[in-house]
Amino acid sequence: MKYTGKRALVCGMAKSGIAAAALLQKLGAVVTLQDMKERDAVPAAALELEKEGVALYTGKNPDDIACEQDLIVLSPGIPCDLPFIEAAEAAGVEVISEVELAYRETTCPITAITGTNGKTTTTTLTGEIMKAVRPNTAVVGNIGVPYSEKVQGLTEQDWVVAEISSFQMEKAKEFHPHISAVLNITPDHLNRHKTMEVYIAMKERVFAKQTAEDFCILNYEDEACRKMADKTAAKVFFFSSAQALAEGIYLQDKDIFVKWQDIDEKLISVDELQILGVHNYENVMAAAAMGICAGVALDTIRQVLKSFAGVEHRIEYVATVDGVDYYNDSKGTNTDASIRAVLAMQKPIVLIGGGYDKGVSFDDWTKLFPGRVKHLVLIGVTAPQIRASAEKFGFTAMTDCETFAEAVDLCREKAEPGDCVLLSPACASWGMFDNYEQRGEMFKEQVRSYLQK
């Protein structure tokens, strides 16, 4: 679509919506930026766009203007089943995601990473690998940097590495990465997608437009991912943390090996890595596979892997206070992520859990508690559900806290030298916090305050 003079409605005034509105305006569209917030609560960035000619529509859904548009762009947080969206599509208005908008303006190759867990670590690491050979690589998407914000600074010689969520794929139409990856599939966001079948279908859209000239990286040990090999036209590159592969990349004992086309050699030992846990070794293998498919030399990949120290808010060591290690895993926003965090700890755990309800079972997480978790401190609306789940497995060492600060203080009280305190809530942060980053920063700030007392 040529955007000059076209009427474009962007829904959502968070980072993605702001970036999409700014991009469309630069492309010559007549832009309206909408949000359910009242005008006195809209972010400053939206008010700046208004000064540049973007119309703001606040305080309600845009039912009365949606069908008048030429294009509607949805931020990831906007559900796709709202009446105004259905009415607009019925009237012939194209409705797309912010990622789709940015993709349509991209001239360089794209690597797109999705899955339930490990996306941010893998995206960050893949970005570092690509930056080693293409310094202007843009690392964007669900990682916190809107794709639309960076796309106009790219040339054909650059590269995009994008973390892609299921929400961002709901209204993707032509999105076509050269390299895709699906890391794993476990229940998540069922409050929005309703069924696992729909959730998986959204993940599969990341490779839907790929051809035999493209590559798709899949987790051989994840049944849902393994089945995707039959659904993609791309060349499949498997990774495995449990067995040697005839073709792919795999972990054997403490070594990672590559067997792919004319490569047959050890890549690295996990003892040379700075990040811990089998889940992180899977992330390393997926990132390395994407680097290989992009033509990056093994020696370059190896050096990046050795220097990579992980990402903020994902099993992030904060401090040791009075002989107790504190870890921030605020990015553990679902049970599978928090299972991985619990299994990565090598000491008795005082655990903070709970938050926003995404409509999933906690049983696979709580059944790990006996023998591993010394005490569970519960916060948020899911506290009763988590308590009931843990009690099914005979775990009763739990305390509810009204505030997050109270919860962190209680962990300090319960932990003894040789223990660890782990913030890994298995729930989203909404309701108590703006996002998981804010939750993690508050945790780190409070822990570091103990060092000053």
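Everything here concerns the structure above.
Read on for an overview of the structure.

## Description of the layout of surface pockets
Here is step 1: By volume, the second largest pocket amounts to about 210 Å³.
Here is step 2: Taken together, 14 residues line the second largest pocket, and the ones lying closest to its centre are Ile275, Leu276, Ala309, Arg314 and Ile315.
Here is step 3: Its residues placed into classes, the lining of the second largest pocket shows eight nonpolar, four polar and two charged.

## Remarks on unusual backbone geometry
In most cases, non-glycine residues show a negative phi, while peptide bonds are predominantly trans.
Here is step 1: Despite not being glycine, glutamine 261 has its phi angle at roughly 50°, a positive value.
Here is step 2: Note that glutamine 261 resides in the loop between β13 (255-260) and β14 (263-269).
Here is step 3: A residue is classified by how much of its surface remains accessible, and glutamine 261, at 60% relative accessible area, is exposed.
Here is step 4: Positive phi values are uncommon outside glycine, yet aspartate 322 reaches one of about 55°.
Here is step 5: Summarising the element assignment, aspartate 322 is placed in the loop between β15 (316-321) and β16 (324-328).

## As for the pairing of strand β17 (residues 349-353)
Here is step 1: Within β17, five of the five residues are buried, which leaves it mostly tucked inside the rest of the structure.
Here is step 2: Side chains of β17 alternate between two faces, with Ile349, Leu351 and Gly353 and Val350 and Ile352 buried alike.
Here is step 3: In this sheet, strand β18 (residues 373-378) lies alongside β17 in parallel orientation, the contact comprising five bridges. Bridge pairing links isoleucine 349 to valine 373 in β18.
Here is step 4: For β17 and strand β20 (residues 420-423), the ladder comprises four bridges, and the chain directions are parallel. When the sheet's bridge partners are listed, isoleucine 352 is paired in β20 with leucine 423.

## Quick word on the pattern of salt bridges
Here is step 1: According to the stated counting rule, one finds 29 salt bridges in the structure shown.
Here is step 2: For lysine 306, the salt bridge identified is with glutamate 272, shortest N-O distance 3.2 Å. Taken as a pair, lysine 306 in helix α12 (residues 298-307) and glutamate 272 in the loop between β14 and α11 (278-293) lie far apart in primary sequence, 34 residues in all.
Here is step 3: Note on lysine 306: relative accessible area 29%, which makes it partly exposed.

## A look at the nonpolar core
Here is step 1: In this structure, Leu24, Leu33, Tyr147 and Phe175 are the most contacted members of the largest nonpolar core, which totals 54 residues.
Here is step 2: In terms of residue count, helix α1 (residues 15-26) provides more of this core than any other element does, six residues in total.
Here is step 3: Sequence-distant contacts of tyrosine 147, defined by excluding residues within four places in its chain, comprise Glu98, Val99, Ala102, Tyr103, Thr106, Ile110, Val140, Gly141, Val160 and Phe175.
Here is step 4: Among the nonpolar cores identified, the runner-up in size contains 43 residues, and Ile113, Leu125, Phe239 and Ala288 belong to it.

## Some details on a negative patch on the surface
Here is step 1: Taken together, Glu402, Glu406, Asp409 and Glu413 make up a surface patch of like negative charges.
Here is step 2: Structurally, the position occupied by glutamate 413 is in helix α16 (residues 404-414).
Here is step 3: For glutamate 413, a relative accessible area of 63% puts it in the exposed group.

## Side note on the sheet that holds β16
Here is step 1: Pairing is mixed in the open sheet, where six strands are placed in the order β15-β16-β20-β17-β18-β19. If you trace the sheet from one side to the other, it starts and ends with β15 and β19 (398-400), each paired once. Neighbour-to-neighbour, the strand axes of this sheet turn through a mean angle of 20°, independent of strand direction.
Here is step 2: The strands touched by helix α17 (residues 436-450) within the sheet are β15, β16, β17 and β20, with β15 carrying the most contacts at an inclination of about 20°.

The rules behind these values
Residues numbered from 1 in each chain as written. Predicted model: local features only at pLDDT ≥ 70, side-chain atom pairs only at ≥ 80, totals over all residues. Heavy atoms only, no water. 1 Å grid on protein atoms, 1.4 Å probe; cavity = no way out; pocket = protein on both sides within 12 Å on 5 of 7 lines; lining within 4 Å. Points joined across faces, edges and corners; volume = space filled by probe spheres on them. Nonpolar A, V, L, I, M, F, W, Y, C, P; charged D, E, K, R; others polar. Helix = DSSP H or I, 4+ residues; strand = E, 2+ residues; numbered from the N terminus. Buried < 20%, exposed > 50% of the residue type's maximum accessible area, 1.4 Å probe, protein only. Pairing = 2+ DSSP bridges. Salt bridge = Lys/Arg side-chain N within 4 Å of Asp/Glu carboxyl O. Core = buried A, V, L, I, M, F, W, Y, C linked by side-chain atoms within 4.5 Å. Contact = heavy atoms within 4.5 Å. Patch = residues over 30% accessible without salt bridge, like charges linked within 9 Å, V, L, I, M, F, W, Y side chains within 5 Å. Areas by Shrake-Rupley, 256 points an atom, 1.4 Å probe, with all protein chains shown as cover. Lys, Arg positive; Asp, Glu negative; His and termini not counted. Charge placed at Lys NZ, Arg CZ, Asp CG, Glu CD. Axes fitted to C-alpha atoms, helices over the stretch in contact; angles between N-to-C directions.

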